[in-house]
Structure formats: C-alpha cells, structure tokens
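One-letter residues, chain by chain:
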Amino acid sequence: MLSIAGLFTAALVAATLLPAQSEAVLAGMLIGGSHPVWLLLTVATAGNVLGSILNWAAGRYLMHFSDRSWFPVSRARLDQASAWYGKWGRWSLLGSWVPVIGDPLTLAAGLLREPLWRFALIVTVAKGGRYLVVAGIASAAA
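For the structure given in this document, a descriptive report is provided here.

## Quick notes on a nonpolar patch on the surface
Nonpolar side chains collect at one region of the surface, where Phe8, Leu50 and Leu54 lie side by side and expose about 230 Å² of accessible area between them. Here Leu50 shows up in helix α3 (residues 37-61). A relative accessible area of 35% means that Leu50 is categorised as partly exposed.

## Thoughts on the side chain of Thr106
Positionally, Thr106 belongs in helix α5 (residues 102-111). Assessed through its relative accessible area of 0%, Thr106 is described here as buried. Beyond its immediate sequence surroundings of up to four residues, Thr106 is in contact with Ser52, Asn55, Trp56, Leu93, Ser96 and Phe119.

## Digging into the nonpolar core
The biggest cluster of nonpolar side chains holds 15 residues, and the ones touching the most others in it are Leu7, Leu26, Leu30, Leu40 and Tyr131. When contributions to this core are tallied by element, the ones reaching two or more residues are α1 (2-15), α2 (23-32), α3 and α6 (116-141). Not counting the four nearest positions on each side in its chain, Leu30 is found in contact with Val37, Leu40, Ala135 and Ala138. Membership of the second largest hydrophobic core comes to 12 residues, among which are Ala81, Ala109, Phe119 and Val123.

## What about the environment of Asp103?
Turning to its location among the elements, Asp103 is positioned in helix α5. Along the chain, Asp103 and Asn55 lie 48 residues apart, while their C-alpha atoms are 7.1 Å from each other. When residues no more than four places from it in sequence are discounted, the contact partners of Asp103 are Ala14, Ala15, Thr16, Leu17, Asn55, Ser96 and Lys127.

## What about the pattern of salt bridges?
Counting across every chain of the model gives four salt bridges. Notably, a salt bridge pairs Arg130 with Glu23, separated by 3.2 Å at the nearest N-O pair. You can see Arg130 sitting in helix α6 and its partner Glu23 sitting in helix α2, a full 107 residues away along the chain. Overall, the relative accessible area of 13% leaves Arg130 in the buried class. For Glu114, the salt bridge is made with Arg118, and the minimal N-O distance between the two is 2.7 Å.

## Quick notes on the environment of Leu105
Within the secondary structure, Leu105 sits in helix α5. Owing to a relative accessible area of 0%, Leu105 belongs among the buried residues under this scheme. In this structure the C-alpha to C-alpha distance between Leu105 and Arg130, which are 25 residues apart in sequence, comes to 16 Å. Aside from chain neighbours lying at most four places away, what touches Leu105 is Ala81, Trp84, Tyr85, Ser92, Leu93, Gly95 and Ser96.

Reading the values: rules and limits
Residues numbered from 1 in each chain as written. Predicted model: local features only at pLDDT ≥ 70, side-chain atom pairs only at ≥ 80, totals over all residues. Heavy atoms only, no water. Patch = residues over 30% accessible without salt bridge, like charges linked within 9 Å, V, L, I, M, F, W, Y side chains within 5 Å. Areas by Shrake-Rupley, 256 points an atom, 1.4 Å probe, with all protein chains shown as cover. Salt bridge = Lys/Arg side-chain N within 4 Å of Asp/Glu carboxyl O. Helix = DSSP H or I, 4+ residues; strand = E, 2+ residues; numbered from the N terminus. Buried < 20%, exposed > 50% of the residue type's maximum accessible area, 1.4 Å probe, protein only. Contact = heavy atoms within 4.5 Å. Core = buried A, V, L, I, M, F, W, Y, C linked by side-chain atoms within 4.5 Å.

Put into structure tokens, the structure is as follows:
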C-alpha cells in the first residue's frame, strides 16, 4: 500500500509546478508486476489530475501573487501558456501532459476561468492517455 501512496504522491507533485517525475515510478511498478495494471493507471492518473487541479486553483485564486519572487512560474512562461490557451481554448488542455508547457497551461486555464468540471474531464483524458502510453512502453520493455 505504501508503494501505491508513493505513486499517487509522485504523480500529484509531477503535475504541479514543482519539478518531479512520475512516469519512471509508474514504469518501475508496472515492470515489477506487484499490482494490477488498472490500479496503477488509476492511481497515477488520479494523482496527476489532482495536481493539475491544484494548478487550476492557483491560476484562479492566487494569480494576484504572480509578481512575487516566490511565485513558481515566470511571467514569460505564464504569458506563453496563456497565449497558447487563448489561441486553442479548452482543447489546448489535451497538451497538459506535455513537459514544460503543460503545467503552466493548467494554471492558465484557472486564470482564464475554465469551468472546473470541463477542465478535469479534458485533463483526465490527456493525463490518462499519457499513462496508457507509458504502460505500453513498460510492457514492451518487460
């Protein structure tokens, strides 16, 4: 059970603006074969989506702190994500799994007032799809 909690935590932190890696944790657990694949995919996806929801909430409620030195996203990165979100709208959230741009994109979605239910649905598809690819690669490597 501790390993499942570790996977959830790694996935959650990886989806926030903090640097972390969850794919390696998931792949290792999949190759280890000690838990059902569906359980690992569900836990990783749930943790990653919850982390993205934290970003959404930060964009929605904490952007008035963006000029502070401790704020975790640079103005340039936030402007880039906001422009991408402004151009592609909610469908840009399908790229929320992409390294570097995905996490600020979820913050921009909150800033631009994307409804939470729609945000969570699209991000779940994107993040779950990424973990399915990781599972496919891990099973081919095993």
